[in-house]
Amino acid sequence: MPIFRPEDEARVRGLFDTLERPVELVVAHGPQETPVLGAREIDFAAETERVVTELAALSDRVTCRVENEPGAGGSAAGAASCRFERFPAIAVLPGGRDVGLRYYGLPWGYELGSLIGAVVEAGRPESTLRPESLERLGALDHDLAIDVFVTPT
Amino acid sequence: MLLAYRAALASPRVTAAAIEASEFPALADSMDVWAVPRVVVNGVPQFDGALPEQAFLDRVLAPAYG
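Residues numbered from 1 in each chain as written. Chains lettered and ligands numbered in written order. Predicted model: local features only at pLDDT ≥ 70, side-chain atom pairs only at ≥ 80, totals over all residues.

A. Looking closely at the overall build of chain A. Across its full length, chain A carries four helices and five strands. For chain A, the N- to C-terminal ordering of α and β elements is α-β-α-β-β-β-α-α-β. Taken over 153 residues, chain A has a buried fraction of 34%. Expressed as a percentage of contacts within chain A between residues at least 6 apart in sequence, the contacts between residues at least 24 apart total 70%. (Helix = DSSP H or I, 4+ residues; strand = E, 2+ residues; numbered from the N terminus. Buried ≥ 20, exposed ≤ 12 C-beta atoms within 10 Å, placed from the backbone. Contact = placed C-beta atoms within 7 Å.)

B. Highlighting the sheet that holds strand S2 (residues 38–41) of chain B. Reading across the sheet, the eight strands line up as S2(A)-S1(A)-S3(A)-S4(A)-S1(B)-S5(A)-S2(B)-S3(B) and stay open at both edges, with mixed pairing between neighbours. What marks the edges here is a single partner per strand, and that holds for strand S2 (62–68) of chain A together with strand S3 (44–48) of chain B. Geometrically, the sheet is characterised by an average inter-axis angle of 20° between neighbouring strands, direction not taken into account. In this structure, strand S4 (residues 101–104) of chain A lies alongside strand S1 (residues 14–20) of chain B, joined through four bridges in parallel fashion. Residue pairing across strands places A:Leu101 opposite B:Ala16, the latter belonging to S1(B). (Pairing = 2+ DSSP bridges. Axes fitted to C-alpha atoms, helices over the stretch in contact; angles between N-to-C directions.)

C. Region of interest: the packing of helix H3 (residues 112–122) of chain A against helix H1 (residues 2–10) of chain B. One way to put it is that H3(A) packs onto H1(B) with a least axis distance of 10 Å and a crossing angle of 30°. Considering their axes alone, H3(A) and H1(B) lie roughly parallel with respect to each other. Considering only the axes of H3(A) and H1(B), their crossing is right-handed. Where H3(A) abuts H1(B), its residues A:Ser114, A:Gly117, A:Ala118, A:Glu121 and A:Ala122 lie against B:Leu2, B:Tyr5, B:Arg6 and B:Leu9. (Parallel < 35°, antiparallel > 145°, perpendicular 65-115°, else oblique. Left-handed = near helix turned anticlockwise from the far one by under 90°.)

This is the structure:
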């Protein structure tokens with residue numbers, strides 16, 4: 001079953017048409033935590049790869065590659081090496097560069113929109129944050145890891 | 001979630017990750033995730049819910065400045 005209804009697919013294609021630079025999506029597979037009861041019959045890794053592959057197929061500016069056990073065998077020649085803390089994982093690379101954007105788990109339901117939004121943001125050379133926000137972030141002298149726990153509905 | 005991604009795109013100091021809570025229940029339990037979105041900064045839970053840009057930065061930057 002395709003991940004999008006035809007009308008939704010057209011909308012996502014339209015969003016991806018606005019990308020001003022290429023965006024690479026890296027799907028990483030590795031050891032998975034046991035999910036909550038009732039979710040065991042879902043192959044989260046396979047579904048994550050399917051969703052990302054179908055997303056990338058909607059635009060020439062979005063590409064996808066899959067890494068199995070990253071860190072064990074290394075990345076393909078010339079590919080950015082990404083670090084992942086859990087699996088399945090998705091890295092969003094603006095212009096092929098790893099700037100620390102991750103999605104851990106299967107992006108489905110409402111959260112598929114978060115991944116699409118990440119691609120759209122990564123495809124913009126200029127930030128959409130307000131100038132005062134950029135100034136505050138520019139003054140940071142500590143590293144900041146922001147984790148946002150989400151659910152698919 | 002998008003504000004976190006925008007912050008990561010804007011600053012080399014910032015990384016941003018969405019974590020699907022039901023697929024990582026042990027981690028979600030350790031972060032006392034009862035409501036979503038729950039925002040955790042440098043491993044410390046900060047707040048629940050979506051906030052506008054200025055308030056979001058107020059909350060996520062607060063730990064960095066002590």
